[in-house]
Amino acid sequence: KQMAQELLAHGHVLKRMQAAERAADGELDALSGALAAETVQVARWAERLEFAHKAAATMGVQLGQAHLEHERKRKRAEQLGEIAARSRVAQDRLEFSRRARDSAFATAAIA
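All values reported here derive from a predicted model rather than from experimental measurement.

Undergrad: Is there a simple way to think about the overall build of the protein in this case?
TA: Each helix and strand in the protein was counted, giving one helix and zero strands. For the protein, the spread of C-alpha atoms along the three principal axes comes to 160 × 15 × 10 Å. Taken across its 111 residues, the protein has 0% of its residues classed as buried. Counting every atom, the protein has about 10200 Å² of accessible surface; 63% of that belongs to carbon and sulfur.

Undergrad: How do you make sense of the pattern of salt bridges when you look at a structure like this?
TA: Opposite charge on two side chains allows them to pair when their charged atoms are near. Enumeration according to the criterion identifies seven salt bridges in this entry. In this structure, the salt-bridge partner of Lys54 is Glu50, at a minimum N-O distance of 3.4 Å. One end of the pair is Lys54 and the other is Glu50, both in helix H1 (residues 2-110) and four residues apart, which spans about a single turn. Overall, the relative accessible area of 43% leaves Glu50 in the partly exposed class. When the shortest N-O distance is used, the salt bridge between Arg74 and Glu78 registers 2.4 Å. Taken together, the positions of Arg74 and Glu78, both in helix H1 and four residues apart, correspond to about one turn of that helix. Arg74 gets classed as partly exposed once you look at its relative accessible area, which sits at 33%. Three or more residues joined by partner-sharing salt bridges are found here, namely Glu69, Arg72 and Lys73.

Cut-off values and rules
- Residues numbered from 1 in each chain as written.
- Predicted model: local features only at pLDDT ≥ 70, side-chain atom pairs only at ≥ 80, totals over all residues.
- Heavy atoms only, no water.
- Helix = DSSP H or I, 4+ residues; strand = E, 2+ residues; numbered from the N terminus.
- Buried < 20%, exposed > 50% of the residue type's maximum accessible area, 1.4 Å probe, protein only.
- Areas by Shrake-Rupley, 256 points an atom, 1.4 Å probe, with all protein chains shown as cover.
- Salt bridge = Lys/Arg side-chain N within 4 Å of Asp/Glu carboxyl O.

What follows is the structure in structure tokens.
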């Protein structure tokens, strides 16, 4: 009789262990599903990040090109400014020369 009670007790323990194992298997399946979903989400984020990185690289190249173009235009503006300054000096000399010539003719006409 005692042996039968022990077997019965072991049977209940075995059933509880099997139930706990099934519960653990269910929990493991749920966690595996959640992990798969998170993996998909991370892959999407990685794609978005790669796209953003490529866009930023393209913008960096465009910014570099714009900077070079700006520098080229700035240097050209400096050159044009220097040419304009030399032109003003030449015009001033020409005007002074004309006035001097006109003054010389006027002086000669009076004399």
